[in-house]
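# Coordinate analysis (summary)
Here is what each chain is made of, one letter per residue.
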Amino acid sequence: MASDDVTQLADSLAKTKVNEGELSYKGRGLKLDNAQSVKEMVEDIREFDGLRALRLEGNTVGLDAARTIAEALKTKRDLQCCYWSDMFTGRLRAEIPPALESLSDAIITAGARLKVLDLSHNAFGPDGVKGIEKLLKSPVCHSLQELHLNNCGMGIGGGKILAAALTVCYKESRDLGSPLELKVFIAGRNRLENDGATALAQAFKLIGSLEEVHMPQNGINHLGVTALATAMEHNPQLRVLNLNDNTFTKKGGIAMAQALQHLRNVQEINFGDCLVRSEGAIAIADTLRDGLPLLKKLNLSFCELTEEAALTVATSVQRKDHLEKLDLNGNCLGDEGCENLRKLMDDIKMGHVLGSLSDDEGEPEEDDDDDDDDEDHDDGEEDDGEEDDEDVDEEEEEKEEGPNDSNQFSTPPSAPRPPDFSSFLTFPSPDKLLRLGEKRCSLIQQEVDGMDVKGTAEMFLQISSVYKEDNTEVKSAVLESIDAVMSKVLSTPSFQSLSFVSSLLVMLGLLKSEDKLKPVRVVPGHLQCLEHAVKQSYFPKEHVMVLNAFMARQNKSLESCNAARDRLKSTLQKLATES
């Protein structure tokens, strides 16, 4: 083969990655507005015999382009996986539903049988759910195994539409003798609240095949949590339950503990930042003593647990041979309580599974377990879906898996999950960041949303929280990751950099917020990474003056990081003088 031909072939392969049965345009940042812009893509689709997976994530697709792609998909009967997350960045919300309808109609026309549908990180609201409603009700989705709708702004209305569509899909597939066996459901950061969660719980109860449920940060309180708990009882193969950053209180905690008594296959539980409180945690501990034999990870961080409750939980896991991680950080133990917890875990030879207690809130001033007035607050108003884009961001939770070696289009229950950045964001640790490997920066940039100022600030702080000055490998990985985030968002023309700085100041406790955002517990890494960022060429010099003004003030939130604060102040003053 001539050298020119080799070069041409290499260029072609670099542009479009083709695995067995998969056509990928993932992460290429293409702006696809019309038929001409997708001409080559459409030719590739049409010529691809046996197309089973199409990856379009990380591009931006307009209505005309979507309709043109749809025409090419009308003959692709073998299609099984649609990886279409982060596909409408910068598009008007009104464009998205008809684009989804066109793509859905094409797949229905083709008579495909989907296994994976991933539309995460598309802020399409309730109307976007209507755009896929017909698809979800059709025979195309009778075979669906994974549904990813993380960070889509569905709201209560969208949650109800989705629940109704899944119910129809299940009943019609059941009547045909092959009931829907949905295994993975991911819908974090969607403002589902109680009504949306309750509607979905009714669908989950019918389906009964779920293995992973990820619904973090959805504004769900004990009413919705109780409904979900009841639904989980009817899904005996459940392995992963992630409800991080909702509001259980003791009623929800007790309801979930009762549900877990019926489940034997659960491996990961993430109830972090869920205000489970001591009574709820003790109920969960009672279940743990004789149940959940396969448990690997338990997160009850930032749940207002007292020392007694934390010790009860610790005692309950002593015979959990598979346990890898117990997170009780950010609770109300006090210094003595933390020491007692560490000693207990060492005594039962499980000290290695206990996570950091660096963010402990100290002993509670009063017992909050009997103060559950907030549990009964439920205004019942339906979310109209008109939320700001800044409130629709990454998740947590939230895992985007591709094909694995044994089965290219679904992950078997026993297969280990590959490391991913969403998992790191859910539960940050240096090890998780290092496990992302050489592709760390590209994986991070796929999760960054240049339209989401608040989410970017949160991501910055989550990454910098694991910074270690005395560990060269971790230090390098953190700073590279910070550079990956900041260089991407600051190169996005629509990114509001001053709003980002304001959000960062709010989260560091240096600026009051009208939204009543709870500041993070500041650690040296937050300030050390900020010092690194302001020195880089990507950081807007005009914002150095703003940061310098705030850092010059005395603030209690930074008292635990005096050395890092002083270095940051010195760097900002120097940069301000130079500018």
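Parameters and conventions
Residues numbered from 1 in each chain as written. Predicted model: local features only at pLDDT ≥ 70, side-chain atom pairs only at ≥ 80, totals over all residues. Heavy atoms only, no water. Phe/Tyr/Trp six-rings, centres within 6.5 Å; stacked < 30°, edge-to-face > 60°. Lys NZ or Arg CZ within 6 Å of the ring centre and 35° of its normal. Helix = DSSP H or I, 4+ residues; strand = E, 2+ residues; numbered from the N terminus. pLDDT = per-residue confidence, 0-100. Contact = heavy atoms within 4.5 Å. Axes fitted to C-alpha atoms, helices over the stretch in contact; angles between N-to-C directions. Parallel < 35°, antiparallel > 145°, perpendicular 65-115°, else oblique. Left-handed = near helix turned anticlockwise from the far one by under 90°. Nonpolar A, V, L, I, M, F, W, Y, C, P; charged D, E, K, R; others polar. Core = buried A, V, L, I, M, F, W, Y, C linked by side-chain atoms within 4.5 Å. Buried < 20%, exposed > 50% of the residue type's maximum accessible area, 1.4 Å probe, protein only.

### Regarding the packing of aromatic side chains
Taken as a whole and judged by the stated rule, the model has four aromatic pairs. Arg55 extends its terminal NZ or CZ atom over the ring of Tyr83, reaching a point 3.9 Å from the ring centre. Between Arg553 and the ring centre of Phe550, over which it is positioned, the NZ or CZ distance is 4.5 Å.

### Overview of unusual backbone geometry
Despite not being glycine, Asn151 shows a phi value in the positive range, around 60°. Note on placement: Asn151 falls in the loop between β8 (146-148) and α6 (155-175). Its identity is not glycine, yet Asp245 carries a phi of approximately 60°, on the positive side.

### Focus on the confidence of the model for the protein chain
Confidence in the prediction of the protein chain, expressed as mean pLDDT, is 85, and 85% of residues score 70 or more. With pLDDT under 50 throughout, residues 1-18 is counted as low confidence; its partners more than four residues away or in other chains account for 13 contacts. Note on residues 373-418: pLDDT under 50 across the span, and 137 contacts to partners over four residues away in sequence or across chains.

### A look at the packing of helix α20 (residues 544-551) against helix α21 (residues 562-578)
At their nearest, the axes of α20 and α21 sit 9 Å apart, and the two run at 140° to each other. Here α20 is positioned oblique relative to α21, judged by the angle of their axes. With respect to the hand of their crossing, α20 and α21 are arranged in left-handed fashion. Across the interface between the two elements, Val544, Met545, Leu547, Asn548 and Met551 from α20 touch Arg565, Leu568, Lys569, Leu572, Gln573, Leu575 and Ala576 from α21. Looking at the contact of α20 with α21 residue by residue, the class counts come to eight nonpolar, two polar and two charged.

### Here's the deal with the nonpolar core
Grouped together as the largest cluster of nonpolar side chains are 118 residues, with contacts concentrated most on Phe185, Met215 and Phe271. Sequence-distant contacts of Met215, defined by excluding residues within four places in its chain, comprise Phe185, Ala187, Gly188, Leu192, Ala197, Leu200, Phe204, Ile220, Leu228, Asn242, Leu243 and Asn246. Phe495, Leu504, Leu505 and Leu527 belong to the second-largest nonpolar core, a separate cluster that totals 51 residues.

### Describing the environment of Leu294
One can find Leu294 in the loop between α10 (277-290) and β13 (297-299). Judged by its relative accessible area of 30%, Leu294 falls in the partly exposed class. Between the C-alpha atoms of Leu294 and Arg239, which are 55 residues apart in sequence, the distance is 8.9 Å. Ignoring any residue separated from it by four or fewer positions in sequence, one finds Leu294 in contact with Arg264, Asn265, Val266, Gln267 and His322.

### Quick notes on the packing of helix α4 (residues 96-110) against helix α5 (residues 125-137)
Taken N-terminus to C-terminus, the directions of α4 and α5 make an angle of 10°; their axes are 8 Å apart at the nearest point. With respect to α5, the axis of α4 lies roughly parallel. Contact residues: Pro97, Leu100, Glu101, Ser104, Asp105, Ile107 and Ile108 in α4; Asp127, Gly128, Gly131, Ile132, Lys134 and Leu135 in α5. Here the contact of α4 with α5 is built from residues that sort into six nonpolar, three polar and four charged.

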